[in-house]
Amino acid sequence: RLKELRSKWISRGLPKVEVRVGVNTGSMVIGNMGSDQVFDYTVIGDAVNLASRLEGANKLYGTFLMISEYTFKDLTPGRFRLRLLDVITVKGKSKAVKVYEVYGETTEEINSNDLKYYQSYQDGFKAYLNQEFSSATKLFHNCLSLKPDDLASKLMVDRIEKLDKNNLSKDWDGSVALTSK
């Protein structure tokens, strides 16, 4: 809904407001934490930390709403427009997690170029995971022809170019380790 509000605010001469969100599902502790003298209402746990890392990862991919595979599996099927964005290992963890971009609800209209873009990205990422790197590169370049400033596609093209395709480990899963929060 921020997109709707943003255009209204800009038309009134107010600054452009953008927000990045990371969503994860899992166990956490919530409530007042601390001592009698100093306390704060907060939330802690691995699930919260992953959500925080996803929020920050949005900047790397040029996205605004990223969810984990754990949230993905709990969504109502067919309600949201989603794309598998990447498989990442966040700082401080060793297990890779699939992450998805939520780019709308299925009831919202989307223009044909955007549909082509998202489909091409999905196909490119699937080819990448299947180690079909030539096909993946072509599909990500197609994405860039539709959205020249797309950070996610640029990131994938760059990753494939730097990949030592002849020396992939047997357990290669296509994941990338994020080094910053």
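The model shown is predicted, which means the values in this text are computed figures rather than measured ones.

Criteria and cut-off values
- Residues numbered from 1 in each chain as written.
- Predicted model: local features only at pLDDT ≥ 70, side-chain atom pairs only at ≥ 80, totals over all residues.
- Heavy atoms only, no water.
- Axes fitted to C-alpha atoms, helices over the stretch in contact; angles between N-to-C directions.
- Helix = DSSP H or I, 4+ residues; strand = E, 2+ residues; numbered from the N terminus.
- Parallel < 35°, antiparallel > 145°, perpendicular 65-115°, else oblique.
- Left-handed = near helix turned anticlockwise from the far one by under 90°.
- Contact = heavy atoms within 4.5 Å.
- Nonpolar A, V, L, I, M, F, W, Y, C, P; charged D, E, K, R; others polar.
- Phe/Tyr/Trp six-rings, centres within 6.5 Å; stacked < 30°, edge-to-face > 60°.
- Buried < 20%, exposed > 50% of the residue type's maximum accessible area, 1.4 Å probe, protein only.
- Lys, Arg positive; Asp, Glu negative; His and termini not counted.
- Salt bridge = Lys/Arg side-chain N within 4 Å of Asp/Glu carboxyl O.
- Polar contact = N/O pair within 3.5 Å; in protein donor to acceptor, adjacent residues only side chain to side chain.
- Pairing = 2+ DSSP bridges.
- Expected span 1.5 Å × (residues − 1).

Quick notes on the packing of helix α4 (residues 112-129) against helix α6 (residues 151-162)
At step 1: In the contact formed by α4 and α6, the axes pass within 11 Å of each other and the chain directions differ by 25°. One finds that α4 runs roughly parallel with respect to α6. Classified by chirality, the crossing of α6 by α4 is left-handed. Residues Y117, Y121, F125 and Y128 of α4 form the contact with α6, whose own contacting residues are A152, S153, M156, R159 and I160.
At step 2: Classifying every residue of the contact of α4 with α6 by side-chain character gives seven nonpolar, one polar and one charged.

Details of the packing of aromatic side chains
At step 1: Scanning the entire structure with this criterion turns up nine aromatic pairs.
At step 2: Considering the side-chain rings of Y128 and F133, the 6.1 Å spacing of their centres and the 65° angle between planes classify their relative orientation as edge-to-face. F133 shares its class with Y128; the two are buried.
At step 3: Judged by relative accessible area, which is 8%, F133 ranks as buried.

Some points on the side chain of R6
At step 1: Position of R6 among the secondary structure elements: in helix α1 (residues 2-11).
At step 2: Within the buried core, R6 has no salt-bridge partner, and the shortest N-O distance to an opposite charge, that of E18, equals 4.6 Å.
At step 3: Within the local environment of R6, its side chain forms a polar contact with the backbone oxygen of V17, the two atoms lying 2.7 Å apart.
At step 4: Once residues within four sequence positions are removed from consideration, R6 is found in contact with K16, V17 and E18.

With respect to the sheet that holds strand β7 (residues 176-177)
At step 1: Ordered in space as β1-β4-β6-β5-β7, the five strands form an open sheet in which the pairing is mixed. Bordering the open sheet on either side are β1 (21-23) and β7, each of which pairs with just one other strand.
At step 2: Here β1 pairs with strand β4 (residues 65-68) via three bridges, running parallel. Bridge pairing links G22 to M66 in β4.

Digging into the environment of S112
At step 1: Within the secondary structure, S112 sits in helix α4.
At step 2: Considering only alpha carbons, one finds S112 and R159, 47 residues apart in sequence, at a separation of 28 Å.

Comments concerning α6
At step 1: Given a rise of 1.5 Å per residue, 12 residues ought to cover 16 Å, and the 16 Å separating the end C-alpha atoms of α6 matches this to within 8%.
At step 2: The inward-facing, buried residues of α6 contact α2 (46-61), β5 (80-89), α4, α5 (133-146) and β7.

A short note on the packing of α2 against α6
At step 1: The contact between α2 and α6 brings their axes to 7 Å, and the two run at 80°. Overall, the two elements α2 and α6 adopt an arrangement that is roughly perpendicular. In this structure, α2 contributes K59, L60 and Y61 to the contact, and α6 contributes L151, A152, L155 and R159.
At step 2: Taken together, the residues that form the contact of α2 with α6 break down as five nonpolar, no polar and two charged.

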